[in-house]
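In case you want the letters, here they are:
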Amino acid sequence: MNDKIGPALLVLGYLLILTADIFFMNHLMGARNVYWTGFTCSMIGGALVLYKIVRR
């Protein structure tokens, strides 16, 4: 279970960043909050993936 949290957060973060781009293009509110949430998720997920790779 712990092996799947990092990649899942990474993909979720990327999807949220893409969603924020769509929000921004359509002038919808909340694009900045969605972007920063996606950025945070992708950074945490990427750090977990790198930690898992380095730890092996």
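Residues numbered from 1 in each chain as written. Predicted model: local features only at pLDDT ≥ 70, side-chain atom pairs only at ≥ 80, totals over all residues. Heavy atoms only, no water.

Engineer: Go over the side chain of Ser-42 with me, naming the residues and quoting the values.
Structural biologist: With respect to the secondary-structure elements, Ser-42 resides in helix H2 (residues 31-55). Within the structure, Ser-42 has its side chain in polar contact with the backbone oxygen of Phe-39 (distance 2.9 Å). Excluding anything up to four places from it in sequence, Ser-42 contacts Leu-9, Leu-10, Gly-13, Tyr-14 and Ile-17. (Helix = DSSP H or I, 4+ residues; strand = E, 2+ residues; numbered from the N terminus. Polar contact = N/O pair within 3.5 Å; in protein donor to acceptor, adjacent residues only side chain to side chain. Contact = heavy atoms within 4.5 Å.)

Engineer: Could you give me a rundown of the packing of aromatic side chains, with the residues and numbers involved?
Structural biologist: Under the criterion given, the structure shown has three aromatic pairs. Residues Tyr-35 and Trp-36 carry aromatic rings whose centres are separated by 5.3 Å and whose planes lie at 75 degrees to one another, so their mutual orientation is edge-to-face. Grouped by ring-pair contacts, the aromatic residues Tyr-35, Trp-36 and Phe-39 constitute a single cluster. (Phe/Tyr/Trp six-rings, centres within 6.5 Å; stacked < 30°, edge-to-face > 60°.)

Engineer: Describe H2, and please don't skip the residues or the numbers.
Structural biologist: The end-to-end C-alpha distance of H2 is 36 Å, a good match for the 36 Å that 25 residues give at a rise of 1.5 Å each. Taken as a whole, H2 has its buried residues at Ala-31, Val-34, Gly-38, Cys-41, Ser-42, Gly-45 and Gly-46. (Expected span 1.5 Å × (residues − 1). Buried < 20%, exposed > 50% of the residue type's maximum accessible area, 1.4 Å probe, protein only.)

Engineer: Give a description of a nonpolar patch on the surface that names residues and reports values.
Structural biologist: A cluster of nonpolar side chains, Ile-5, Ile-44 and Leu-48, forms an exposed patch at the surface whose accessible area comes to about 230 Å². Considering the arrangement of structural elements, one finds Leu-48 in helix H2. (Patch = residues over 30% accessible without salt bridge, like charges linked within 9 Å, V, L, I, M, F, W, Y side chains within 5 Å. Areas by Shrake-Rupley, 256 points an atom, 1.4 Å probe, with all protein chains shown as cover. Salt bridge = Lys/Arg side-chain N within 4 Å of Asp/Glu carboxyl O.)

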